[in-house]
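Observations on the model geometry
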Amino acid sequence: MSDQKLPIEQLFRTKYGEVLAALLRRYGTQRFELVEESVQMAFQRAVEKWSPDNLPDNPGGWLYTVARNAFLESVRRYQLESDKLQQMQAEESGLDQEAAV
């Protein structure tokens, strides 16, 4: 086990559940998979950005913020995709009605 990975590994053990639980309390358990993905994404970003000499002052807060932002971005993206799909279906339905006339 390398010394570089040690702080992230410790944070994963201590903060993963805390960040996950905080987001689930805030956004609900019906979106568990999306919340879990967001927390995993936050840890991935931490691995990419942090170094042993350059940890944020509040790693748990950083992880929570990044996970929350990833979650909200995913919700926005899914909503946009859903809106586009509904619009396409409405347009297609309108074309079908015009063709039947």
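Everything here concerns the structure above.
Conventions adopted
- Residues numbered from 1 in each chain as written.
- Predicted model: local features only at pLDDT ≥ 70, side-chain atom pairs only at ≥ 80, totals over all residues.
- Heavy atoms only, no water.
- Phe/Tyr/Trp six-rings, centres within 6.5 Å; stacked < 30°, edge-to-face > 60°.
- Helix = DSSP H or I, 4+ residues; strand = E, 2+ residues; numbered from the N terminus.
- Buried < 20%, exposed > 50% of the residue type's maximum accessible area, 1.4 Å probe, protein only.
- Polar contact = N/O pair within 3.5 Å; in protein donor to acceptor, adjacent residues only side chain to side chain.
- Contact = heavy atoms within 4.5 Å.

1. Focus: the packing of aromatic side chains
- Applying the stated criterion to the full structure yields five aromatic pairs.
- Each ring, one from phenylalanine 12 and one from tyrosine 16, has its centre 4.8 Å from the other, and the planes form 45°; the classification is tilted. Residue phenylalanine 12 and its partner tyrosine 16 are both found in helix H1 (residues 6–27); the two are separated by four residues, about one turn of the helix.
- Judged by its relative accessible area of 13%, tyrosine 16 falls in the buried class.
- Between tyrosine 16 and phenylalanine 43, the ring centres sit 5.8 Å apart and the planes meet at 40°, which makes this aromatic pair tilted. In this pair, tyrosine 16 is assigned in helix H1 and phenylalanine 43 in helix H2 (residues 32–49), connecting sequence segments 27 residues apart. For the residue pair tyrosine 16 and phenylalanine 43, the accessibility class agrees, reading buried in each case.
- What links up through ring pairs into an aromatic cluster is the set Phe12, Tyr16 and Phe43.

2. Concerning the environment of leucine 34
- Looking at the secondary structure, you find leucine 34 in helix H2.
- By relative accessible area, which is 13% here, leucine 34 ends up buried.
- For leucine 34 and serine 74, which are 40 residues apart along the polypeptide, the C-alpha to C-alpha distance reads 7.7 Å.

3. Observations regarding the side chain of serine 38
- In this fold, serine 38 is placed in helix H2.
- The exposure class assigned to serine 38 is buried, which follows from its relative accessible area of 2%.
- Within the local environment of serine 38, its side chain forms a polar contact with the backbone oxygen of leucine 34, the two atoms lying 2.9 Å apart.
- Among all residues touching serine 38, those that are not within four sequence positions of it are Ala67, Ala70 and Phe71.

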